[in-house]
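Each chain, written out:
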Amino acid sequence: MSLYRNQLRDKVAGLLRQTTDAQDNVLTSTPYPTEIGELPVVFVTVPSESAASNGRHAPDFTRVVQLEVVARVTAQSPATVQALLDRIAEDIEMSIMCSQDIMGMVQQVSSIETEQQVSAEAADIIGAVRLTFGMEYTQEYPVTELGELTGISGAMTGAIQAGFSQTFPQEN
(Lines give C-alpha, C1' and ligand atoms only; values in the text may rest on other atoms or scores of the structure.)
Protein backbone atom coordinates (compact mmCIF):
# COMPACT_ATOMS: atom_id res chain seq x y z
CA MET A 1 0.00 0.00 0.00
CA SER A 2 1.45 3.38 -0.97
CA LEU A 3 1.69 6.44 1.23
CA TYR A 4 -1.42 8.59 1.35
CA ARG A 5 0.39 11.56 -0.22
CA ASN A 6 1.25 9.36 -3.21
CA GLN A 7 -2.36 8.16 -3.49
CA LEU A 8 -3.45 11.80 -3.52
CA ARG A 9 -0.83 12.70 -6.15
CA ASP A 10 -1.88 9.79 -8.38
CA LYS A 11 -5.58 10.66 -8.04
CA VAL A 12 -4.89 14.29 -9.04
CA ALA A 13 -2.77 13.17 -12.02
CA GLY A 14 -5.55 10.84 -13.22
CA LEU A 15 -8.06 13.68 -12.97
CA LEU A 16 -5.83 16.11 -14.88
CA ARG A 17 -5.34 13.57 -17.69
CA GLN A 18 -9.08 13.85 -18.26
CA THR A 19 -9.52 17.60 -17.78
CA THR A 20 -6.49 19.35 -19.31
CA ASP A 21 -5.05 19.65 -22.81
CA ALA A 22 -1.96 17.73 -21.63
CA GLN A 23 -3.98 14.47 -21.50
CA ASP A 24 -1.40 11.62 -21.55
CA ASN A 25 1.40 14.11 -20.88
CA VAL A 26 0.38 14.40 -17.21
CA LEU A 27 3.27 12.83 -15.32
CA THR A 28 3.89 11.99 -11.67
CA SER A 29 7.57 12.81 -11.63
CA THR A 30 9.80 15.72 -10.75
CA PRO A 31 9.77 18.27 -13.60
CA TYR A 32 12.57 17.67 -16.09
CA PRO A 33 13.61 19.37 -19.35
CA THR A 34 11.14 18.78 -22.16
CA GLU A 35 11.20 19.20 -25.93
CA ILE A 36 8.89 21.67 -27.66
CA GLY A 37 7.05 18.79 -29.33
CA GLU A 38 6.16 17.30 -25.92
CA LEU A 39 4.20 20.38 -24.81
CA PRO A 40 1.79 20.86 -23.20
CA VAL A 41 3.04 18.80 -20.28
CA VAL A 42 1.92 18.70 -16.65
CA PHE A 43 3.99 17.38 -13.73
CA VAL A 44 2.25 16.44 -10.48
CA THR A 45 4.53 16.00 -7.46
CA VAL A 46 4.55 16.11 -3.68
CA PRO A 47 7.87 17.81 -2.88
CA SER A 48 7.12 18.33 0.81
CA GLU A 49 4.79 17.44 3.64
CA SER A 50 4.57 18.48 7.28
CA ALA A 51 2.90 16.76 10.22
CA ALA A 52 1.83 18.08 13.63
CA SER A 53 0.80 15.81 16.49
CA ASN A 54 -2.81 16.02 17.65
CA GLY A 55 -1.96 15.19 21.27
CA ARG A 56 -0.40 12.81 23.73
CA HIS A 57 -2.73 9.92 22.97
CA ALA A 58 -2.82 7.34 20.21
CA PRO A 59 -0.49 8.61 17.50
CA ASP A 60 -2.33 10.73 14.98
CA PHE A 61 -1.17 13.73 13.04
CA THR A 62 -2.63 16.59 11.05
CA ARG A 63 -0.58 16.49 7.87
CA VAL A 64 -0.30 19.12 5.14
CA VAL A 65 0.91 17.94 1.76
CA GLN A 66 2.32 20.53 -0.64
CA LEU A 67 0.90 19.12 -3.87
CA GLU A 68 2.70 20.85 -6.73
CA VAL A 69 1.39 20.97 -10.29
CA VAL A 70 3.71 22.42 -12.95
CA ALA A 71 2.37 22.94 -16.47
CA ARG A 72 4.37 24.00 -19.54
CA VAL A 73 2.94 25.32 -22.80
CA THR A 74 4.31 26.82 -26.01
CA ALA A 75 3.09 29.08 -28.82
CA GLN A 76 4.45 31.56 -31.37
CA SER A 77 3.54 34.73 -29.47
CA PRO A 78 3.77 35.84 -25.83
CA ALA A 79 0.07 36.77 -25.81
CA THR A 80 -0.93 33.28 -26.96
CA VAL A 81 1.36 31.67 -24.39
CA GLN A 82 -0.18 33.83 -21.66
CA ALA A 83 -3.68 32.86 -22.78
CA LEU A 84 -2.70 29.16 -22.76
CA LEU A 85 -1.17 29.52 -19.29
CA ASP A 86 -4.28 31.22 -17.96
CA ARG A 87 -6.49 28.49 -19.40
CA ILE A 88 -4.45 25.52 -18.16
CA ALA A 89 -4.03 27.11 -14.71
CA GLU A 90 -7.80 27.56 -14.49
CA ASP A 91 -8.39 23.99 -15.74
CA ILE A 92 -6.02 22.62 -13.08
CA GLU A 93 -7.41 24.67 -10.21
CA MET A 94 -11.07 24.13 -11.07
CA SER A 95 -10.57 20.41 -11.74
CA ILE A 96 -8.96 19.84 -8.34
CA MET A 97 -11.18 22.14 -6.29
CA CYS A 98 -14.44 20.90 -7.86
CA SER A 99 -13.60 17.19 -7.69
CA GLN A 100 -15.65 15.29 -5.11
CA ASP A 101 -13.07 12.48 -5.18
CA ILE A 102 -10.14 14.78 -4.38
CA MET A 103 -12.03 16.89 -1.82
CA GLY A 104 -13.20 13.67 -0.16
CA MET A 105 -9.57 12.70 0.42
CA VAL A 106 -8.66 15.85 2.38
CA GLN A 107 -10.07 17.84 5.28
CA GLN A 108 -9.39 21.13 3.57
CA VAL A 109 -7.22 22.89 1.02
CA SER A 110 -5.42 25.28 3.34
CA SER A 111 -3.65 27.29 0.62
CA ILE A 112 -3.20 27.70 -3.12
CA GLU A 113 -0.17 29.49 -4.56
CA THR A 114 0.22 30.25 -8.26
CA GLU A 115 3.34 31.41 -10.11
CA GLN A 116 3.69 32.01 -13.86
CA GLN A 117 6.71 32.58 -16.06
CA VAL A 118 7.07 33.22 -19.81
CA SER A 119 10.37 32.87 -21.66
CA ALA A 120 10.68 34.55 -25.05
CA GLU A 121 14.41 33.91 -25.49
CA ALA A 122 13.97 31.56 -28.46
CA ALA A 123 11.78 31.27 -31.54
CA ASP A 124 9.36 29.08 -29.63
CA ILE A 125 7.99 30.92 -26.63
CA ILE A 126 7.56 28.73 -23.57
CA GLY A 127 5.41 29.45 -20.56
CA ALA A 128 5.13 27.66 -17.25
CA VAL A 129 2.72 27.85 -14.36
CA ARG A 130 3.19 26.30 -10.91
CA LEU A 131 0.22 25.76 -8.64
CA THR A 132 0.95 24.55 -5.11
CA PHE A 133 -1.97 23.26 -3.07
CA GLY A 134 -1.69 22.86 0.71
CA MET A 135 -3.85 19.78 1.25
CA GLU A 136 -4.63 18.86 4.84
CA TYR A 137 -5.63 15.45 6.16
CA THR A 138 -5.38 13.45 9.37
CA GLN A 139 -3.28 10.32 9.59
CA GLU A 140 -3.78 7.85 12.40
CA TYR A 141 -1.31 5.09 13.17
CA PRO A 142 -2.86 1.84 14.36
CA VAL A 143 -1.72 0.93 17.84
CA THR A 144 -1.81 -2.76 18.65
CA GLU A 145 -1.95 -4.29 22.09
CA LEU A 146 1.06 -6.22 23.25
CA GLY A 147 0.47 -9.92 23.30
CA GLU A 148 1.33 -12.19 26.15
CA LEU A 149 4.87 -11.72 27.43
CA THR A 150 6.97 -14.85 27.12
CA GLY A 151 10.38 -15.92 28.29
CA ILE A 152 10.30 -14.17 31.66
CA SER A 153 12.43 -15.95 34.21
CA GLY A 154 14.02 -15.19 37.56
CA ALA A 155 13.02 -14.54 41.11
CA MET A 156 11.80 -11.21 42.39
CA THR A 157 14.78 -10.94 44.75
CA GLY A 158 18.36 -10.30 43.91
CA ALA A 159 19.32 -10.14 40.23
CA ILE A 160 16.36 -10.49 37.92
CA GLN A 161 16.72 -11.96 34.46
CA ALA A 162 13.90 -10.81 32.26
CA GLY A 163 13.37 -11.31 28.59
CA PHE A 164 10.41 -11.24 26.30
CA SER A 165 9.55 -11.33 22.63
CA GLN A 166 6.72 -9.61 20.80
CA THR A 167 5.76 -9.81 17.14
CA PHE A 168 4.54 -6.47 15.81
CA PRO A 169 2.21 -6.18 12.78
CA GLN A 170 4.99 -4.70 10.62
CA GLU A 171 7.05 -7.87 11.13
CA ASN A 172 4.38 -10.25 9.82
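Residues numbered from 1 in each chain as written. Predicted model: local features only at pLDDT ≥ 70, side-chain atom pairs only at ≥ 80, totals over all residues. Heavy atoms only, no water.

## Some details on unusual backbone geometry
Thinking step 1. With omega at 5 degrees, the peptide bond leading from Leu39 into Pro40 counts as cis.
Thinking step 2. Among the secondary structure elements, Pro40 is positioned in the loop between strand S1 (26–27) and strand S2 (41–53).
Thinking step 3. Residue Gln23 is not a glycine yet carries a positive backbone phi of 45 degrees.
Thinking step 4. With respect to the helices, strands and loops of the structure, Gln23 is situated in the loop between helix H1 (4–19) and S1. (Helix = DSSP H or I, 4+ residues; strand = E, 2+ residues; numbered from the N terminus.)

## Quick look at H1
Thinking step 1. Taking 1.5 Å of rise per residue, the 16 residues of H1 would be expected to cover 22 Å, and the 23 Å separating its terminal C-alpha atoms lies within 8% of that figure.
Thinking step 2. Inspection of H1 places Leu8, Arg9, Val12, Ala13, Leu15 and Leu16 among the buried residues, and these make up the whole buried set. Seen end-on, H1 carries its buried residues on one side only, within an arc spanning 165 degrees. (Expected span 1.5 Å × (residues − 1). Buried < 20%, exposed > 50% of the residue type's maximum accessible area, 1.4 Å probe, protein only. Arc of directions from axis to C-beta.)

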